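Coordinate inspection notes
Listed here are the chains, written in short residue letters.
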Amino acid sequence: MNRTTRATLALAALGLALSGCTGSSDEDPKAQATPQDKWAQSLCEALEPTTAAISPPDTEAAATAAESKQEIVQFLRTLRDRLDAQAKVLDEAGAPPEVDAAAYEKAKKSVSDGSRTLQGVIKRLKKADPKNSEQMQTTLTQVGASLAESSSYQGPLAELSATNAELKKAFESNKTCASIMS
């Protein structure tokens, strides 16, 4: 092959390569991501392990009241530990870009408050004597009331979504975030 043919082929290849850089349907959608999209993706990927479904214990299957109490305490510890892990993830993620930092701080506080509430409930439940059925019933009623107060909280993603339309859009368009929020 002569030099002219090689040069022409090289220029044609260069032209094709350069034309591919101006935009095609094969572009990575992440390249067009907004700062909120990137932050949301990173946050949700880190939060995902802390959001796996967990079922409350089947206390009817427990042989004794003490076993039932222990199963409930363990369940509440698992929930508390997940909230602690979420608080750590939020802290490490930092405030979302172009979003009011106060909203981010409020979301972090809500998660931490939930963890503290669970810790208080666990302490109260651990003090209850499973042999004293009246005391256990009273304690379980108090525990239920404490948990009912915080049961409407939908999590940090929902709280942050409510403060910023762009962030809400980023959460809703990300598969991981959407699955966490549902």
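Residues numbered from 1 in each chain as written. Predicted model: local features only at pLDDT ≥ 70, side-chain atom pairs only at ≥ 80, totals over all residues. Heavy atoms only, no water.

**Focus: the packing of aromatic side chains**
For any pair of aromatic rings, geometry is given as the distance between the ring centres together with the angle between the planes. Inspection of the entire model under this criterion finds one aromatic pair. Taking the centre distance of 6.4 Å and the plane angle of 50° together, the rings of W39 and F171 count as tilted. Placement of W39 in helix α2 (residues 35-47) and of F171 in helix α7 (residues 165-173) is noted, with a sequence separation of 132 residues between them. (Phe/Tyr/Trp six-rings, centres within 6.5 Å; stacked < 30°, edge-to-face > 60°. Helix = DSSP H or I, 4+ residues; strand = E, 2+ residues; numbered from the N terminus.)

**A short note on the state of the cysteines**
In total, this model carries one disulfide according to the counting rule given. Paired by a disulfide, C44 and C177 hold their sulfur atoms 1.9 Å apart. With the S-S dihedral at roughly 110°, the linkage between C44 and C177 falls on the right-handed side. Placement of the pair is C44 in helix α2 and C177 in helix α8 (residues 175-181), with a sequence separation of 133 residues. (Disulfide = S-S within 2.5 Å.)

**As for the packing of helix α3 (residues 65-93) against helix α4 (residues 101-127)**
Interaxial distance between α3 and α4 falls to 9 Å at its minimum, and their mutual angle equals 160°. Compared by their axis directions, α3 and α4 come out roughly antiparallel. Remark: the crossing between α3 and α4 carries left-handed chirality. In the contact of α3 with α4, the residues fall into 14 nonpolar, five polar and seven charged. (Axes fitted to C-alpha atoms, helices over the stretch in contact; angles between N-to-C directions. Parallel < 35°, antiparallel > 145°, perpendicular 65-115°, else oblique. Left-handed = near helix turned anticlockwise from the far one by under 90°. Nonpolar A, V, L, I, M, F, W, Y, C, P; charged D, E, K, R; others polar.)

**Here's the deal with α2**
The end-to-end C-alpha distance of α2 is 18 Å, a good match for the 18 Å that 13 residues give at a rise of 1.5 Å each. Turning to α2, its buried residues number three or more, namely Q36, W39, A40, L43, C44 and L47. The arc that holds every buried residue of α2, seen down its axis, measures 125°, which confines them to one face. (Expected span 1.5 Å × (residues − 1). Buried < 20%, exposed > 50% of the residue type's maximum accessible area, 1.4 Å probe, protein only. Arc of directions from axis to C-beta.)

**Some remarks on the side chain of S115**
In this structure, S115 sits in helix α4. With a relative accessible area of 7%, S115 lands in the buried category. For S115, the side chain forms a polar contact with the side chain of D84, separated by 2.4 Å. Excluding residues that lie within four positions of it along the chain, S115 makes contacts with R80, L83 and D84. (Polar contact = N/O pair within 3.5 Å; in protein donor to acceptor, adjacent residues only side chain to side chain. Contact = heavy atoms within 4.5 Å.)

**Side note on the pattern of salt bridges**
For the coordinates displayed, the defined rule picks out eight salt bridges. Here R80 ties to D81 by a salt bridge, and the two come within 2.9 Å at their closest N and O atoms. Relative accessible area serves as the criterion here: at 15%, R80 is assigned to the buried category. Of the charged contacts, one joins K88 and E92 as a salt bridge, the two residues approaching to 4.0 Å between their closest N and O atoms. Here the residue K88 and the residue E92 both occupy positions in helix α3, the gap between them amounting to four residues, near one helical turn. Comparing K88 with E92, the two get one shared label, exposed. Taken together, the shared-partner salt bridges in this structure form one network comprising D91, E105 and K108. (Salt bridge = Lys/Arg side-chain N within 4 Å of Asp/Glu carboxyl O.)

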